[in-house]
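Inside the fold
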Amino acid sequence: NSNEVSVRGTSEGGGSSSGGCFIATSAWGSPYAEEIKILLEFRDRYMMGNPPGRLFIKAYYKIGPSVAEFISDKEPLKRLVRAALKPLVKIIKFIS
């Protein structure tokens, strides 16, 4: 089925049933950060249940690991990613 998303990876501490948030985990430096848990729960609760969400996830799991590796040793980029994701995390936290 072309709508199915195969999610590989780990989500240590996130409590999610499938893969992790590669870029956010790299930016926060830990899979145990509260922000990671919030993003994983949003993915599982809202995005996995609809075709556009699954399409986004499929694309993200193709490019996410490379982006995460690229920023992993670049603190200015990690700060930029955290700053970009914080408003999204706050919105998700508010609506959940």
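In the block above lies the structure referred to throughout.
A brief structural summary. Only a predicted model underlies this, so the values are computations on that prediction, with no experimental measurement involved.

Helix length check: helix H3 (residues 51-71), at 21 residues, gives a terminal C-alpha distance of 29 Å against a target of 30 Å (1.5 Å per residue), a fit within 8%. Among the residues of H3, those classed as buried are Gly53, Arg54, Ile57, Tyr60, Tyr61, Gly64, Ala68 and Ile71. Where H3 is buried, its residues touch helix H1 (22-28), helix H2 (34-47) and helix H4 (75-95). Sitting at the head of H3, Asn50 places a side-chain oxygen 2.7 Å from the backbone nitrogen of Gly53.

So, on to the environment of Lys37. Relative to the helices and strands, Lys37 is located in helix H2. Classification of Lys37 by relative accessible area gives partly exposed; the value is 41%. Along the chain, Lys37 and Gly20 lie 17 residues apart, while their C-alpha atoms are 9.2 Å from each other.

One side chain can pair with another of opposite charge once the charged atoms of both are near each other. Scanning the entire structure with this criterion turns up 6 salt bridges. The salt bridge partner of Glu41 is Lys37, with a shortest N-O separation of 3.9 Å. With a gap of 4 residues between them, Glu41 and Lys37 both fall in helix H2, about one helical turn apart. The partner of Lys74 in a salt bridge is Asp73, and the shortest N-O contact between them spans 3.0 Å. Its relative accessible area of 29% is what places Lys74 among the partly exposed residues.

Rules behind the numbers
Residues numbered from 1 in each chain as written. Predicted model: local features only at pLDDT ≥ 70, side-chain atom pairs only at ≥ 80, totals over all residues. Heavy atoms only, no water. Helix = DSSP H or I, 4+ residues; strand = E, 2+ residues; numbered from the N terminus. Expected span 1.5 Å × (residues − 1). Buried < 20%, exposed > 50% of the residue type's maximum accessible area, 1.4 Å probe, protein only. Contact = heavy atoms within 4.5 Å. Polar contact = N/O pair within 3.5 Å; in protein donor to acceptor, adjacent residues only side chain to side chain. Salt bridge = Lys/Arg side-chain N within 4 Å of Asp/Glu carboxyl O.

So, to be careful, I would describe these as geometric facts and stop short of saying anything about function.
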